Amino acid sequence: MELTVLENKKRKRFEADFEGKKAIIEYIRAEDKMYLTHTEVPKELEGKGVASSMAKVVLQQIRDEGLQLVPLCPFIAAYLKRHPEWKDILAKGYNV
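Residues numbered from 1 in each chain as written. Predicted model: local features only at pLDDT ≥ 70, side-chain atom pairs only at ≥ 80, totals over all residues. Heavy atoms only, no water.

Section: the environment of Ala77
Here Ala77 shows up in helix α2 (residues 74-82). Separated by 19 residues in the primary sequence, Ala77 and Val96 place their C-alpha atoms 5.9 Å from one another. Among all residues touching Ala77, those that are not within four sequence positions of it are Pro71 and Val96. (Helix = DSSP H or I, 4+ residues; strand = E, 2+ residues; numbered from the N terminus. Contact = heavy atoms within 4.5 Å.)

Topic: the pattern of salt bridges
Under the defined criterion, the tally for this structure stands at nine salt bridges. Between Glu19 and Lys48 there is a salt bridge, with its nearest N and O atoms 2.7 Å apart. Here Glu19, found in the loop between β2 (13-18) and β3 (21-30), pairs with Lys48, found in the loop between β4 (33-40) and α1 (50-64); they are 29 residues apart in sequence, far enough to count as distant. Judged by relative accessible area, which is 51%, Glu19 ranks as exposed. Measuring nitrogen to oxygen at the nearest pair gives 3.9 Å for the salt bridge that ties Glu44 to Lys21. (Salt bridge = Lys/Arg side-chain N within 4 Å of Asp/Glu carboxyl O. Buried < 20%, exposed > 50% of the residue type's maximum accessible area, 1.4 Å probe, protein only.)

What to know about the packing of α1 against α2
In the contact formed by α1 and α2, the axes pass within 11 Å of each other and the chain directions differ by 80°. Of the possible angle classes, the one that applies to α1 and α2 is roughly perpendicular. In this structure, α1 uses Ala51, Ser52, Ala55, Lys56 and Leu59 to contact α2, whose residues at the interface are Phe75, Ile76, Tyr79, Leu80 and Arg82. (Axes fitted to C-alpha atoms, helices over the stretch in contact; angles between N-to-C directions. Parallel < 35°, antiparallel > 145°, perpendicular 65-115°, else oblique.)

Overview of α2
Those residues of α2 lying buried are Ile76, Ala77, Tyr79 and Leu80. The arc that holds the buried residues of α2, viewed along the axis, is 160°, so those residues lie on one side. Pointing more than 90 degrees away from the buried face of α2 are the exposed residues Pro74 and Lys81. The inward-facing, buried residues of α2 abut β3, β4, α1 and β5 (68-71). (Arc of directions from axis to C-beta.)

Worth remembering: the numbers are spatial, not functional.
What follows is the structure in structure tokens.
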């Protein structure tokens, strides 16, 4: 699934519109780290791969910006367990 994911810096979150609904991944930026704190997908979009598609785009942006990831969101942590190719961006001291 290809989604357009946009960073809303004012609201400190990534957003994707799909089927007329908005899914989000909230974050906190601090120094060279990005803390992903919460993922929310409307009930109508659950099970359609929206959150996973968003995670992939957001993790690629973190990698491209040379940031380290702190996965505080349970969904993001679970995604990293299923996709170990992203573990190289984990901040020191964090494991999933």
